[in-house]
Amino acid sequence: MKATAIVAHGGVEGLRYMDLPDPQPGPNEVVIRVRACALNHLDVWLRIGIPAYKLELPHVPGSDVAGEIVALGDGVTNFKVGDKVIVNPNLTCGECEWCRMGEDSMCQSFGIFGARCWGGYAEFAKVPARNLIPMPENLTFEQAAAFPLTFLTAWHMLITRAGLKPGERVLVVAAGSGVGVAAVQIAKLAGAFVIATAGTDEKCEKAKALGADAVINHSREDIAEKVRELTDGRGVDVVFEHVGPAVFEQCLRSLAKGGRIVTCGATTGPTASFDIRFLFSRQLSIIGSMMGRTSELLTIVRLVGEGKLKPIIDRTFPLAEAAKAHEILESRNFFGKLVLVP
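Residues numbered from 1 in each chain as written. Predicted model: local features only at pLDDT ≥ 70, side-chain atom pairs only at ≥ 80, totals over all residues. Heavy atoms only, no water.

Brief notes about the overall build of the protein chain
Working step 1: Assigned secondary structure in the protein chain consists of eleven helices and 17 strands.
Working step 2: Projected onto its principal axes, the C-alpha coordinates of the protein chain cover approximately 60 × 40 × 35 Å.
Working step 3: Buried positions account for 55% of the 342 residues belonging to the protein chain.
Working step 4: For the protein chain, the proportion of contacts with a sequence separation of at least 24, taken over those separated by at least 6, is 69%. (Helix = DSSP H or I, 4+ residues; strand = E, 2+ residues; numbered from the N terminus. Buried < 20%, exposed > 50% of the residue type's maximum accessible area, 1.4 Å probe, protein only. Contact = heavy atoms within 4.5 Å.)

Some thoughts on the side chain of Asp237
Working step 1: Tracing the chain through its elements places Asp237 in strand 13 (residues 236-241).
Working step 2: By relative accessible area, Asp237 is classed as buried at 11%.
Working step 3: For Asp237, the side chain forms a polar contact with the main-chain nitrogen of Arg169, separated by 2.8 Å.
Working step 4: Within the structure, the side chain of Asp237 is placed 2.8 Å from the side chain of Arg234, a separation counted as a polar contact. (Polar contact = N/O pair within 3.5 Å; in protein donor to acceptor, adjacent residues only side chain to side chain.)

Section: the packing of helix 4 (residues 148-161) against helix 10 (residues 294-305)
Working step 1: Packing of helix 4 against helix 10 brings their axes to within 10 Å, and their N-to-C directions diverge by 110°. The angle between helix 4 and helix 10 places the two elements in the roughly perpendicular class. Like other packed secondary-structure pairs, helix 4 and helix 10 cross with a definite hand, here right-handed. Residues Pro148, Phe151, Leu152, Trp155, His156 and Thr160 of helix 4 lie in contact with helix 10, whose contacting residues are Glu296, Leu297, Thr299, Ile300 and Leu303.
Working step 2: Its residues assigned to classes, the contact of helix 4 with helix 10 shows seven nonpolar, three polar and one charged. (Axes fitted to C-alpha atoms, helices over the stretch in contact; angles between N-to-C directions. Parallel < 35°, antiparallel > 145°, perpendicular 65-115°, else oblique. Left-handed = near helix turned anticlockwise from the far one by under 90°. Nonpolar A, V, L, I, M, F, W, Y, C, P; charged D, E, K, R; others polar.)

Digging into the environment of Glu29
Working step 1: For Glu29, the position within the fold is in strand 3 (residues 29-38).
Working step 2: Spatially, the C-alpha atom of Glu29 lies 35 Å from that of Val184, the residues being 155 residues apart in sequence.
Working step 3: In this structure Glu29 touches Gln24, Leu72, Gly73, Val76, Lys126, Val127, Pro128 and Ala129, once residues within four positions along its chain are discounted.

Comments concerning the state of the cysteines
Working step 1: What the rule picks out here adds up to zero disulfides.
Working step 2: Of all cysteine sulfurs, the one in Cys93 lies closest to Cys96, which takes part in no disulfide; the gap is 3.7 Å.
Working step 3: For Cys96, a relative accessible area of 8% corresponds to the buried category.
Working step 4: Sulfur of Cys251: no disulfide; nearest cysteine sulfur belongs to Cys264 and is 12 Å away.
Working step 5: By relative accessible area, which is 0% here, Cys251 ends up buried. (Disulfide = S-S within 2.5 Å.)

Some points on the nonpolar core
Working step 1: Judged by nonpolar contacts, the single largest core of 62 residues is most densely connected at Leu158 and Val170.
Working step 2: Sequence-distant contacts of Leu158, that is, excluding residues within four places in its chain, are made with Gly163, Leu164, Val170, Ala183, Ile186, Ala187, Val238 and Phe240. (Core = buried A, V, L, I, M, F, W, Y, C linked by side-chain atoms within 4.5 Å.)

What to know about the packing of aromatic side chains
Working step 1: Scanning the model with the defined rule gives two aromatic pairs in all.
Working step 2: Between the aromatic rings of Phe147 and Phe151, the centroid separation amounts to 6.0 Å while the plane-to-plane angle is 85°, which identifies the pairing as edge-to-face. Phe151 carries the same exposure label as Phe147, and that label is buried.
Working step 3: A ring pair is formed by Phe248 and Phe274, whose centres lie 6.0 Å apart and whose planes are at 35°; its orientation type is tilted. Of this pair, Phe248 sits in helix 8 (residues 248-253) while Phe274 sits in the loop between strand 14 (255-263) and helix 9 (276-281), placing them 26 residues apart in sequence.
Working step 4: Judged by relative accessible area, Phe274 falls into the partly exposed class, the value being 29%. (Phe/Tyr/Trp six-rings, centres within 6.5 Å; stacked < 30°, edge-to-face > 60°.)

Comments concerning helix 10
Working step 1: With twelve residues, helix 10 should reach 16 Å at 1.5 Å per residue; the first-to-last C-alpha distance of 16 Å fits that figure.
Working step 2: Among the residues of helix 10, Glu296, Leu297, Ile300, Val301, Leu303 and Val304 are the ones counted as buried. Each buried residue of helix 10 sits inside an arc of 165° when the element is viewed along its axis, so together they form one side.
Working step 3: The secondary structure elements touched by the buried residues of helix 10 are strand 9 (132-134), helix 4 and helix 5 (178-189).
Working step 4: In the stretch just after helix 10, Gly307 is the one whose phi turns positive, near 80°. (Expected span 1.5 Å × (residues − 1). Arc of directions from axis to C-beta.)

Notes on helix 1 (residues 41-48)
Working step 1: Regarding helix 1, the residues found buried are Leu42, Asp43, Val44, Leu46 and Arg47.
Working step 2: Its buried side turned inward, helix 1 meets strand 1 (2-6), strand 2 (15-19), strand 3, strand 7 (111-112) and helix 11 (322-331).
Working step 3: The first or second residue beyond helix 1 is Gly49, which carries a positive phi of 95°.

Section: the sheet that holds strand 11 (residues 193-198)
Working step 1: The strand order 12-11-10-13-14-15 describes an open sheet built from six strands, whose pairing is parallel. Edge positions in the open sheet fall to strand 12 (214-217) and strand 15 (285-288), since each of these has one partner strand only. Neighbouring strand axes in the sheet, compared pairwise and without regard to direction, differ in orientation by 20° on average.
Working step 2: Inspection of the sheet shows strand 10 (residues 169-172) paired to strand 11 by four bridges, in the parallel sense. Residue Arg169 lies in a different strand from strand 11, and its bridge partner there is Phe193.
Working step 3: Of the strands in this sheet, strand 11 and strand 12 are in contact with helix 6 (residues 201-210), which crosses strand 12 at around 165°. (Pairing = 2+ DSSP bridges.)

Next up, the structure:
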């Protein structure tokens, strides 16, 4: 099969379009023909090489995959060849205490498809059958690949971890990213007043079109000051944060008393500093979040199928141009998702 694999850690020159052996399904596994695979920032971390992911190279990344089944392993009875499916990116044991409680992302051996195993930057991918979800008939393959990881992450952050309630005010940082466009829509669906930040006026307008009630151009406006202006000095109840130290202190200063900040990322670095007195005197909460539950993803798939949540695709690329897609992903010159089409 043709695939784009990481053959060396570092820049995009470490990605190579090459021939690799076709995958063969083992027991309780299937092979799917990949019709679309969306990019995530995780792909960049895997390519660069970070301690959390020790890869044996070459490695095929790609966590968000949609396609059709072409081969079934022994024991697979609930799918058939030809079925159109979406891959649940959560890889879990299904047996530990956390899995038995339905807390997938807390699994003792938790992993992400495309990171712990080969993923979707290829013509074919091998997937555990229990990680397959039937694809809504009204979606294209590109749309089906453009939402699982980011919408699951955003839902778990806002609805489950932060407990967002109708009528609350929420700040969504970097609303033009894949997880940002998901957060704006989910927060609106939950009945919140949404303030979104983006780095250009064009992205701000697109965020408003998605449902944001107010926008902040963070390239020229102070986030915390603008939030205070938009909320009559009160601040927001929830901050949706996934950038890290570049904005973390501003996000804390944007919170109302008793507010909570929920974070899932650190794309600008791993360490943030702030005045602890501000934290306890205003009774703020800092909440960590990672991925989400399969039950949440099933809800999201239903809502996407019903048109209540919408995958946003900036552009698509042939699989052979994955390096170019990585360059655009790192440039942040996009809105929504970048998708590879084998």
